[in-house]
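Structure assessment
Each chain is listed here by its residues.
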Amino acid sequence: MADDCLHIGILALQGNVIAHASHLQALGARVHEIRRPGQLNDLDGLILPGGESTTMLHFLQQDGFWAELQHFASHKPCFGTCAGAILLAREVQNPAQISLGALDITIERNAWGSQRESRIRSIALADDIHTLEAVYIRAPRIIRTGSAVEIMAMDQNDPIWVRQGLSMATTFHPELTADLQVHAEFLRGIRSQMSSPPGHP
Ligand code: GLN
């Protein structure tokens, strides 16, 4: 697509699409709701939103959508929140289910007891200057990160925001607060790769 905007898709089969769209638009990106295979072709990146990963899998396993998404996730930037993080993981537990393997993490679904099923916590980032509000809704827990995975934020002993290459995942919902920093980081990575593609220092 020949314009200066980043074109970002949001997987819109189920779940929390609108809040992601308004964050992306506030950051100047063009948003495309993705519902069918064939719609991924011209995107600069894709958000896999929160919702229910099993329901999304049900729709994704039709009409060749899964193979197309797996191909996209293997070489294009993806950002998964909560259920989207589950879809992007290499391995899913509780129970095991298929996943895209775009991030070398193992993730446990619905990992918190009922008391902590849904909660909001204030998280200090590694620079000790910035904070973020982490909204958790029946959140998964990242229980393993591979050596190529960068941990962007922790909540006590748990990684809650991880990145590998240009793809990233959060176990919380950054689209549900007014803070744009997580989405901005996703777009910043995509733009920086465009201005210096691999092999062109
Ligand atoms: N519990 C959901 C799942 O396992 C994720 C919840 C969410 O996305 N808020 O897919």
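Predicted model only: the values in this text are computed from it and were never measured.

Of regular secondary structure, the chain possesses five helices and twelve strands. Relative to a compact globule of 201 residues, whose C-alpha radius of gyration would be 17 Å, the chain shows 16 Å and is just as compact. Over its C-alpha atoms, taken along the principal directions, the chain stretches across nearly 50 × 40 × 30 Å. By the burial criterion, 49% of the 201 residues in the chain qualify as buried.

Neighbouring the ligand are Gly50, Gly51, Glu52, Ser53, Cys82, Ala83, Ile86, Arg109, Asn110, Ile137, Arg138 and His173. The separation between an oxygen atom of the ligand and a polar side-chain atom of Ser53 is 2.8 Å. For the ligand, a nitrogen atom lies 2.9 Å from a polar atom in the backbone of Ile137. When the free accessible area of the ligand is taken as 300 Å², the share hidden by the protein chains comes to 97%. A per-class count over the shell around the ligand returns four nonpolar, five polar and three charged.

Glancing now at helix α3 (residues 65-75). Considered for burial, the residues of α3 that qualify are Phe65, Trp66, Leu69, Phe72 and Ala73. Projection of α3 onto a plane perpendicular to its axis shows the buried side chains occupying an angular sector of 125 degrees, all on one side. Among the exposed residues of α3, those pointing more than 90 degrees away from its buried face are Ala67, His71 and Ser74. Here the buried face of α3 lies against β1 (7-11), β2 (30-34), β3 (45-48), α2 (53-60) and β4 (78-81).

Here the focus is the side chain of Thr171. Counting through the fold element by element, Thr171 comes out in the loop between β12 (167-170) and α5 (181-195). Taking the relative accessible area as the measure of exposure, Thr171 reaches 2% and is therefore buried. In this view, Thr171 contacts Cys82, Tyr136, Ala139, Pro140, Ile142, Pro159 and Ile160; residues no more than four positions away in its chain are not counted.

In spatial order, the strands read β2-β1-β3-β4-β12-β11-β10; together these seven strands make up an open sheet with mixed pairing. The sheet terminates laterally at β2 and β10 (150-155), the two strands that pair on one side only. Averaged over all pairs of adjacent strands, the angle between their axes in this sheet comes to 20 degrees, without regard to strand direction. Here strand β11 (residues 158-164) runs beside β12; their pairing, made up of four bridges, is antiparallel. Along β12, the bridge assignment pairs Gln164 with Ser167. Relative to β1, helix α1 (residues 18-26) is tilted by about 170 degrees, and along the sheet it contacts β1, β2, β3 and β4. Lying over the sheet, α3 contacts β1, β2, β3 and β4, oriented at roughly 120 degrees with respect to β3.

Rules used in this analysis
Residues numbered from 1 in each chain as written. Predicted model: local features only at pLDDT ≥ 70, side-chain atom pairs only at ≥ 80, totals over all residues. Heavy atoms only, no water. Helix = DSSP H or I, 4+ residues; strand = E, 2+ residues; numbered from the N terminus. Rg over C-alpha atoms; globule rule 2.2 N^0.38 Å. Buried < 20%, exposed > 50% of the residue type's maximum accessible area, 1.4 Å probe, protein only. Near = heavy atom within 4 Å. Polar contact = N/O pair within 3.5 Å; in protein donor to acceptor, adjacent residues only side chain to side chain. Areas by Shrake-Rupley, 256 points an atom, 1.4 Å probe, with all protein chains shown as cover. Nonpolar A, V, L, I, M, F, W, Y, C, P; charged D, E, K, R; others polar. Arc of directions from axis to C-beta. Contact = heavy atoms within 4.5 Å. Pairing = 2+ DSSP bridges. Axes fitted to C-alpha atoms, helices over the stretch in contact; angles between N-to-C directions.

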